[in-house]
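In case you want the letters, here they are:
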Amino acid sequence: MPKNESHREPIARERHFATTHWSIVVAAGDASREGAQDALSQLCEAYWYPLYAYVRRRGHSAPDAQDLTQAFFARLLEKQSLRVAKRERGKFRSFLLASLDHFLANEYNRARAQKRGGDRVHLSLDVAAGESRVNLEPAHDLTPERLYERQWALTLLELVICRMEAEYQEAGKARQFELFKDVLGGGRERLRYVEIAAELDMSVENARQGAHRMRKRYRALLREEVARTVVDPSDVDEELANLFEALGN
Amino acid sequence: MSDQSICPKCGEKIPASAPAGQCPKCMMKAGFESRDAGSVDGQATDLASRRSGFVAPSPEELAPHFPQFEIVELLGKGGMGAVYKARQPKLDRYVALKILPPEIGKDPGFTERFTREAQSLAMLNHACIVAVYDFGEADGLYYFVMEYVDGANLRQTIETGGLTPPEALAIVPQICDALQFSHDEGVVHRDIKPENILIDKRGRVKIADFGLAKLLGVAEDGSAVEKPYTVTGTHQVMGTPRYMAPEQMQGSSAVDHRADIYSLGVVFYEMLTGELPIGRFEAPSKKVRIDVRLDEVVLRSLESAPDRRYQHANDVKTEVESIVGASDTRFSVAKPATADFKAMVRSQLKVPAVGLMVAGIVNLLAAAVILLLPTFSKLSGGFPEGLEGFVEGKATFAEATFVSIIIASCSFVSGILLVLGAVRMFDLQSYGIALIAAVVAILPCALGFPISLPFGIWALIVVLRHDVKNAFPDEHAKSERKQTPTGPVSVVGGAMVGGMIVGMVLGTAVDQDKIGEYMVLGMVVGLLLGCVIDANNRGKSKD
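Calculation notes
- Residues numbered from 1 in each chain as written.
- Chains lettered and ligands numbered in written order.
- Predicted model: local features only at pLDDT ≥ 70, side-chain atom pairs only at ≥ 80, totals over all residues.
- Heavy atoms only, no water.
- Helix = DSSP H or I, 4+ residues; strand = E, 2+ residues; numbered from the N terminus.
- Buried < 20%, exposed > 50% of the residue type's maximum accessible area, 1.4 Å probe, protein only.
- Contact = heavy atoms within 4.5 Å.
- Areas by Shrake-Rupley, 256 points an atom, 1.4 Å probe, with all protein chains shown as cover.
- Phe/Tyr/Trp six-rings, centres within 6.5 Å; stacked < 30°, edge-to-face > 60°.
- Lys NZ or Arg CZ within 6 Å of the ring centre and 35° of its normal.
- 1 Å grid on protein atoms, 1.4 Å probe; cavity = no way out; pocket = protein on both sides within 12 Å on 5 of 7 lines; lining within 4 Å.
- Points joined across faces, edges and corners; volume = space filled by probe spheres on them.
- Nonpolar A, V, L, I, M, F, W, Y, C, P; charged D, E, K, R; others polar.
- Domains from an automatic or database assignment.
- Pairing = 2+ DSSP bridges.
- Axes fitted to C-alpha atoms, helices over the stretch in contact; angles between N-to-C directions.
- Parallel < 35°, antiparallel > 145°, perpendicular 65-115°, else oblique.
- Core = buried A, V, L, I, M, F, W, Y, C linked by side-chain atoms within 4.5 Å.
- Patch = residues over 30% accessible without salt bridge, like charges linked within 9 Å, V, L, I, M, F, W, Y side chains within 5 Å.
- Salt bridge = Lys/Arg side-chain N within 4 Å of Asp/Glu carboxyl O.

1. Quick look at the overall build of chain A
Point 1. When its secondary structure is counted, chain A shows 12 helices and 0 strands.
Point 2. Helices and strands in chain A line up, N terminus first, as α-α-α-α-α-α-α-α-α-α-α-α.
Point 3. Among the 249 residues that make up chain A, the fraction classed as buried is 51%.
Point 4. Within chain A, contacts between residues separated by at least 24 positions form 73% of all contacts whose residues are at least 6 apart in sequence.
Point 5. Roughly 12100 Å² of accessible area belongs to chain A as shown, and the carbon and sulfur atoms make up 49% of that amount.

Below, the structure is given as structure tokens:
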């Protein structure tokens, strides 16, 4: 799936900002604070794709959506949006969507002077020419909001996987990552430890341990990544549950 | 990656955009498990139990409620409660103690239902069903005391390297036996899945948690309400519905024993292919090399309409066995025998084994007597009546000693072999040694020959029957297993043979006249040494 690499690139590059937390941004509550500004832009970079998908699902063509997303981020970061960012802002995910909605409504009005009502904008057919990933989504039955949440969940998982992969690569264990990555999803019971152990030249027990460690590390990273986007660390479980539901059919 | 694959864990479609090709839902779910990091690997708590708020008490917390047991460890937990390994000091046995989720007791009418169900479960007395010893309520905790199975569940077995088709085909008939038995007793399992199928250290299948699903998931009107898994629910008592029959998933009240046959089909499919039969799945023979006729058996078990499935678990067993028996002899060789069959073979081998044992002991005694004869003769001033002529007729004393040593050695070796073979035969431990012993018994090479001959022929007739070999453990499988401590008979026997040989060499070198005494002395030393080594071995294997 080479096309997909295009959007994985920025995500992979992003991994060294892993310490950025939305809670820091919210706590700072002041756009003039440079750290907070940076933190916000880094978070935005990591999670641009769900917003883009949302804009596309709202019926904008691919070039429009790209422009709108770009413009949105520019506006968000330029303007003093953060001045109003308080604890009530809640999750980063919700904050972004609310801001985007607000932005789209204004831009939209300005561009077309259209209002809500019967003139529902249809998916333009040049979808096929647009972002490859959008085409892969079975999005027809999802509301834009649901699609946004779903994409958010997928993006988050991908960030975690990228971090994980980078960690293993740095440790010179790229092959181990390849062989064990099935434990991250549901494939644990399908891992052929005997074969894996033979390939990695280790004992079966060690292979099982390795898989177990990887799962543990994955869990830690996943929770860490979720923690980046919520205000209070105690919200992690709730957000996980929300995202889990967002992934449902 | 345009084709959508299916998550082997939750059975849902994995979208093409899934990160690393993994099921996103399961990946997200993995984040929840942090609180249960210490749970038993392979029996990790599922989300359902976490969500329902059931936290398994630690063995220490549980101990005050159960003074009659020593709670050893937590074996596993899930939506249906937690299972502990416990010791019953009075009977000096281990039991499995299952604690049901506490909130279940708040359900009005539960106590009555619990008692009724437990009584019917206690009646399920079958070699392939985990026995229920006791049940009750202690300080608000409902519990079952069950047979402790020392082994692994089928899920763990699949995880640690998977099953070969012949192994899977040996397991299925045993599951069928257990199901048929319980269905005849009017008990439907309702939750057949690899986690509930235990395999003990001897390869015997034992099915756990009969009827628990019904007990924990029954509605007021008596219909099954095994609710499908949801993330926000509060009353889950079930895990994922991967193994459930369609009529069960719909919460139909018409769930009968045929639901178990469907679940058996899912387990069967998974054992053969390593995957779950979800969506448009392929026939098993397309994925692994097995007899195509097995496809029909698996697919018919998986029919969504109960009427089109096999109507009895026995039918599945019959089909599998007829296919396996006819198609490939390797299957029948690899087939671990059922406990019933083993008991039958053991009873048939009992008499020949005892006979061989007696003959072996006679041979050993004869060997000792022959070797000590020269000493006796010197002490009493001459050879005993019978042997005097024999010795005088044959040239010199030295030659006579040589001949007697040969006879004694043959007697001794065959004696050891017969005793060893008899023990192995009786325990159904080693087919090879049992066979060798039977052959040695019919060879006229020792003084106990008149005794051993009839028993040897008897043993050979039984041992050479083609199905009897199955009652013994597979020799190949044995060598792959961890080194088991060597049996006491072979250790002691080996040490005795060694002692005798050393005695013979010493005797030849030091004093040829007393060679017999040296050999006997060597044997006695060997016997003592063997006992010491064996005791040492036992000490090690206990660790």
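2. Observations regarding the overall build of chain B
Point 1. Along the backbone of chain B there are 21 helices and 10 strands.
Point 2. Look at the contacts in chain B between residues 6 or more apart in sequence, and 63% of them connect residues 24 or more apart.
Point 3. For chain B, the exposed area adds up to about 25100 Å²; of that, 59% sits on carbon and sulfur atoms.

3. Overview of the environment of B:Gly530
All names here are of chain B.
Point 1. Take glycine 530: it is sitting in helix H21 (residues 515–542).
Point 2. In sequence terms glycine 530 and glycine 499 are 31 residues apart; their C-alpha atoms lie 9.8 Å from each other.
Point 3. Sequence-distant contacts of glycine 530, defined by excluding residues within four places in its chain, comprise Val491, Val492 and Ala495.

4. Some remarks on unusual backbone geometry
Point 1. Positive phi outside glycine occurs at A:Asp201, with the angle close to 60 degrees.
Point 2. Position of A:Asp201 relative to the elements: it lies in the loop between helix H10 (193–200) and helix H11 (204–229).
Point 3. Within the chain, B:Asp209 stands out as a residue other than glycine whose phi angle is a positive 60 degrees.
Point 4. Position of B:Asp209 among the secondary structure elements: in the loop between strand S10 (205–207) and helix H7 (212–217).

5. A few points about the packing of aromatic side chains
Point 1. Enumeration according to the criterion identifies 20 aromatic pairs over all chains in this entry.
Point 2. Ring plane angle 10 degrees and centroid distance 4.1 Å describe the contact between A:Tyr47 and A:Trp152, whose orientation is recorded as stacked. Taken together, the residues span a long stretch of sequence, with A:Tyr47 in the loop between helix H3 (34–46) and helix H4 (48–57) and A:Trp152 in helix H8 (residues 144–170) at a distance of 105 residues.
Point 3. A residue is classified by how much of its surface remains accessible, and A:Trp152, at 0% relative accessible area, is buried.
Point 4. Of the aromatic side chains, those joined through ring pairs into one cluster are A:Tyr47, A:Tyr54, A:Phe92, A:Tyr148 and A:Trp152.
Point 5. The ring of A:Phe244 is capped by B:Lys25, whose NZ or CZ atom sits 5.1 Å from the centre of that ring.
Point 6. Lying across the ring of B:Tyr94, B:Lys85 places its NZ or CZ 4.5 Å from the centre.

6. Quick word on empty space enclosed by the protein
Residues and elements named next belong to chain B.
Point 1. Tallying each qualifying case throughout the model produces 7 cavities of 30 Å³ or more.
Point 2. In the lining of the second largest cavity, the residues fall into 11 nonpolar, no polar and 1 charged.
Point 3. The residue makeup of the lining of the second largest cavity includes at least three contributed by each of domain 2 (49–147) and domain 3 (153–227 + 240–334).

7. Description of the sheet that holds strand S9 (residues 197–200) of chain B
Residues and elements named next belong to chain B.
Point 1. One open sheet accounts for 3 strands, arranged S8-S9-S10; its pairing is antiparallel. The outermost strands of the open sheet, each flanked by one partner alone, are strand S8 (151–153) and S10. Within this sheet the neighbouring strands show an average axis-to-axis angle of 30 degrees, counted without direction.
Point 2. The pairing of S9 with S10 spans 3 bridges and is antiparallel. Among the inter-strand pairings, leucine 198 is bridged to a residue of S10, identified as lysine 206.
Point 3. Its contacts with the sheet place helix H6 (residues 165–184) against S9 and S10, and it is angled at close to 40 degrees to S10.

8. Comments concerning the packing of helix H9 (residues 258–273) of chain B against helix H11 (residues 293–301) of chain B
Residue and element names in this part refer to chain B.
Point 1. In contact at an axis separation of 7 Å, H9 and H11 are set at 140 degrees when each is read in the N-to-C sense. What the angle tells us is that H9 and H11 run oblique. Of the residues in H11, those touching H9 at Ile261, Tyr262, Gly265, Phe268, Tyr269 and Leu272 are Leu294, Val297, Val298 and Ser301.
Point 2. Each residue belonging to the contact of H9 with H11 can be placed in one class, and the counts come to 8 nonpolar, 2 polar and no charged.

9. Observations concerning the side chain of B:Ser263
All names here are of chain B.
Point 1. Looking at where serine 263 falls in the secondary structure, it is placed in helix H9.
Point 2. Assessed through its relative accessible area of 1%, serine 263 is described here as buried.
Point 3. Dropping the residues within four chain positions of it, serine 263 is found in contact with Ile192, Tyr243, Met244, Ala245 and Gln248.

10. Considerations on the nonpolar core
Point 1. In terms of nonpolar packing, the biggest core is built from 67 residues, with A:Phe92, A:Leu96, A:Tyr218, A:Leu222 and B:Met28 touching the most fellow members.
Point 2. Residue contributions to this core peak at 12 residues, all from H8(A).
Point 3. What A:Phe92 contacts, discounting residues up to four positions off in sequence, is A:Trp22, A:Leu40, A:Leu43, A:Cys44, A:Tyr47, A:Trp152 and A:Thr229.
Point 4. Formed by 65 residues, the second largest nonpolar core is a distinct cluster that contains B:Cys128, B:Ala208, B:Leu212 and B:Ala245.

11. Some details on the side chain of A:Lys181
Point 1. Structurally, the position occupied by A:Lys181 is in the loop between helix H9 (174–180) and H10.
Point 2. Once residues lying within four places of it in the same chain are set aside, the contact partners of A:Lys181 are A:Met214, B:Ala20 and B:Gln22.

12. Some thoughts on a nonpolar patch on the surface
Residues and elements named next belong to chain B.
Point 1. Together, Phe402, Val403, Ile406, Ile407 and Leu447 line one region of the surface with nonpolar side chains, adding up to about 440 Å² of accessible area.
Point 2. Mapped onto the elements, leucine 447 comes out in the loop between helix H17 (431–442) and helix H18 (449–463).
Point 3. Relative accessible area serves as the criterion here: at 48%, leucine 447 is assigned to the partly exposed category.

13. Here's the deal with the environment of A:Met202
Point 1. Following the sequence through the fold, A:Met202 ends up in the loop between H10 and H11.
Point 2. If sequence neighbours within four positions are ignored, A:Met202 has contacts with A:Gln176, A:Ala197 and A:Ala207.

14. As for the pairing of strand S5 (residues 93–99) of chain B
Residues and elements named next belong to chain B.
Point 1. Of all the 7 residues making up S5, 5 are buried; the element is thus mostly covered by neighbouring parts of the structure.
Point 2. Hairpin connection between strand S4 (residues 81–88) and S5: a loop of 4 residues separates the two successive antiparallel strands, and aspartate 92 in this loop has a positive phi of roughly 50 degrees.
Point 3. Sheet topology note: the S5/strand S7 (residues 141–147) ladder contains 5 bridges and is antiparallel. Each bridged residue has a counterpart across the sheet, and for isoleucine 99 the counterpart in S7 is tyrosine 143.

15. Considering the packing of H11(A) against helix H12 (residues 236–247) of chain A
Residue and element names in this part refer to chain A.
Point 1. Their axes nearest at 9 Å, the elements H11 and H12 cross at an angle of 100 degrees. Looking at the two axes, H11 sits roughly perpendicular to H12. Contact with H11, carried on its side by Leu222, Arg223, Val226, Ala227 and Thr229, involves Val236, Asp237, Glu239 and Leu240 of H12 and no other residues of that element.

16. Quick look at the pattern of salt bridges
Point 1. Tallied over the entire structure, the rule returns 30 salt bridges over all chains.
Point 2. Here B:Arg258 makes a salt bridge to B:Asp307, at a shortest N to O gap of 2.9 Å. One end of the pair, B:Arg258, is in helix H9; the other, B:Asp307, is in the loop between H11 and helix H12 (313–327), with 49 residues separating them in the sequence.
Point 3. Under the relative-accessibility criterion, B:Arg258 is labelled buried at 15%.
Point 4. Ionic contacts of the salt-bridge type, sharing partners, join the residues A:Lys91, A:Arg93, A:Arg146, A:Glu149 and A:Glu239 into one network.

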